[in-house]
Amino acid sequence: MFDPAPEYPYPDAHRPDEAPAPHALLGPVLGLLGTWRGRGRGEYPTLAGDFTYAQEVTFSHDGRPFLHYETRAWLLDADDAPLRPSARESGWWRLQPDGRVEALITQPTGIAEILVGRADGTTVDLATHEVALAPTAKEVNATRRRYTLADDGTLTFVHDLAAVGQPLQHHLSAQLRRQV
Ligand code: HEM
């Protein structure tokens, strides 16, 4: 007789004081744990104009030396009402000794990125190591992502993009607040 497995016994923690205890290597990114929500503005020279959007970002861990990262964005109209779903990403941020970070991030648009960079407790700065594209994905060559934690519980996010023949330049900036 088939015996199904019980519920997954190792739930993720979304706060530093929640079990399981965070791995020591997560020290430089502990301030990111949890769910963040806010608004941003985007642009790119190939687009007709700039746009405003809302974004939700979640970081969690299961006691091992990596973060689970997930984000969903949606475009806003001039009255701040939802216009349509936009970018989604998920992945893994692997913490190394000395605050080095290796991030693996995938998108439903056929883009898979490996980024490398550093975390120092208040900022995380990641730049492309390699991009892999599904056969029908748009051409993306590189990104740079900077996350900065301010004292008042605000997380700012700046995203530069080299894609569709354009050099690396600003695509997105957002300000997010931690959700309780
Ligand atoms: C908060 C996250 C993001 C938002 C809100 C966003 C928003 C947008 C919007 C509104 C467009 C115009 C096309 C459309 O309406 O869909 C666009 C284009 C594009 N985005 Fe983003 N984006 C985000 C993240 C990213 C990321 C992470 C990448 C790459 C790693 C990326 C790469 C591109 C590319 C390649 C284009 C197409 C440009 C073109 O074909 O001219 N975006 N984005």
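Residue positions within a chain follow its written sequence, with the count starting from 1. In view of the model being predicted, local features appear only for residues whose pLDDT reaches at least 70, and side-chain atom pairs are presented and counted only at 80 or more, with totals across whole chains, interfaces and linings using the full set of residues. Side-chain calculation: all heavy atoms of the structure are included, whereas hydrogens and water are not.

A.B. asks: Describe the packing of aromatic side chains, naming the residues involved and giving the relevant values.
C.D. replies: Stacked, tilted and edge-to-face are the three classes assigned to paired rings of Phe, Tyr and Trp, where Trp is represented by its six-membered ring and a pair needs centres within 6.5 Å; plane angles under 30 degrees give stacked, over 60 edge-to-face, the rest tilted. Enumeration according to the criterion identifies 9 aromatic pairs in this entry. On the basis of an interplanar angle of 80° and a centroid distance of 5.9 Å, the ring pair of Y8 and Y10 is categorised as edge-to-face. This pair shows no difference in class: Y8 is exposed, exactly as Y10 is. An angle of 35° between the planes, with centres 5.6 Å apart, marks the rings of F59 and Y69 as tilted. In this pair, F59 sits in strand β2 (residues 51-60) while Y69 sits in strand β3 (residues 66-76), placing the two residues 10 residues apart along the sequence. Working definition: with a 1.4 Å probe on protein chains only, accessible area under 20% of the residue-type maximum means buried, over 50% means exposed, and in between means partly exposed. Here a strand is any run of E in DSSP of at least two residues, a helix any run of H or I of at least four, and the numbering for each starts at the N terminus.

A.B. asks: Go over the environment of R41, please, and point to the residues and values.
C.D. replies: Topologically, R41 is positioned in strand β1 (residues 34-42). Assessed through its relative accessible area of 34%, R41 is described here as partly exposed. As for R41 and H171, which are separated by 130 residues in sequence, their C-alpha atoms are 8.4 Å apart. Excluding its chain neighbours within four sequence positions, the residues that come into contact with R41 are D50, F51, T52, Y53, H170, H171, L172 and S173. The definition of a polar contact used here is a pair of N or O atoms within 3.5 Å, where within protein one atom must be able to donate a hydrogen and the other to accept one, and adjacent residues in sequence count solely through side-chain atom pairs. In terms of polar contacts, R41 uses its side chain to reach the side chain of D50, at 3.3 Å. Contact between two residues is taken to exist if any of their heavy atoms lie within 4.5 Å; hydrogens are not considered.

A.B. asks: Lay out the coordination of the iron atom of the ligand in plain terms, naming residues and giving numbers.
C.D. replies: Any N, O or S atom lying within 2.8 Å of the metal counts as a donor, with the limit raised to 3.2 Å for Na, K and Ca; because water is left out of the atom set, some sites can appear incomplete. In this structure, the iron atom of the ligand receives exactly one donor atom from the protein: H171 (NE2), at 2.3 Å. Inspection of the secondary structure assignment puts H171 in strand β10 (residues 169-179).

A.B. asks: Can you tell me about the pattern of salt bridges, naming the residues and giving the values?
C.D. replies: Opposite charge on two side chains permits them to pair, given that their charged atoms come into close proximity. When a carboxyl oxygen of Asp or Glu lies within 4 Å of a side-chain nitrogen of Lys or Arg, that pair is called a salt bridge. All told, the structure shown has 12 salt bridges when counted by the stated rule. Salt-bridge contacts for E43 lead to R41; the nearest nitrogen and oxygen are separated by 3.7 Å. The partner of R145 in a salt bridge is E113, and the shortest N-O contact between them spans 2.7 Å. With a gap of 32 residues between them, R145 in strand β8 (residues 140-149) and E113 in strand β6 (residues 111-119) connect regions that are remote in the sequence.

A.B. asks: I'd like a rundown of the site of the ligand, residues and numbers included.
C.D. replies: Neighbouring residues of the ligand: 23 residues in total, closest T46, R84, Q107, K138 and H171. Within the side chain of R84, an N or O atom sits 2.4 Å from an oxygen atom of the ligand. K138 places a side-chain nitrogen or oxygen 2.5 Å from an oxygen atom of the ligand. Looking at the shell around the ligand, the elements with two or more residues in it are β2, β3, β4 (82-95), β8, β9 (154-163) and β10. At 4 residues, β4 tops the list of elements feeding residues into the shell around the ligand. Residues are labelled near a given molecule or strand when at least one of their non-hydrogen atoms is within 4 Å of it.

Take it as geometry only, folks, not as evidence of what the structure does.
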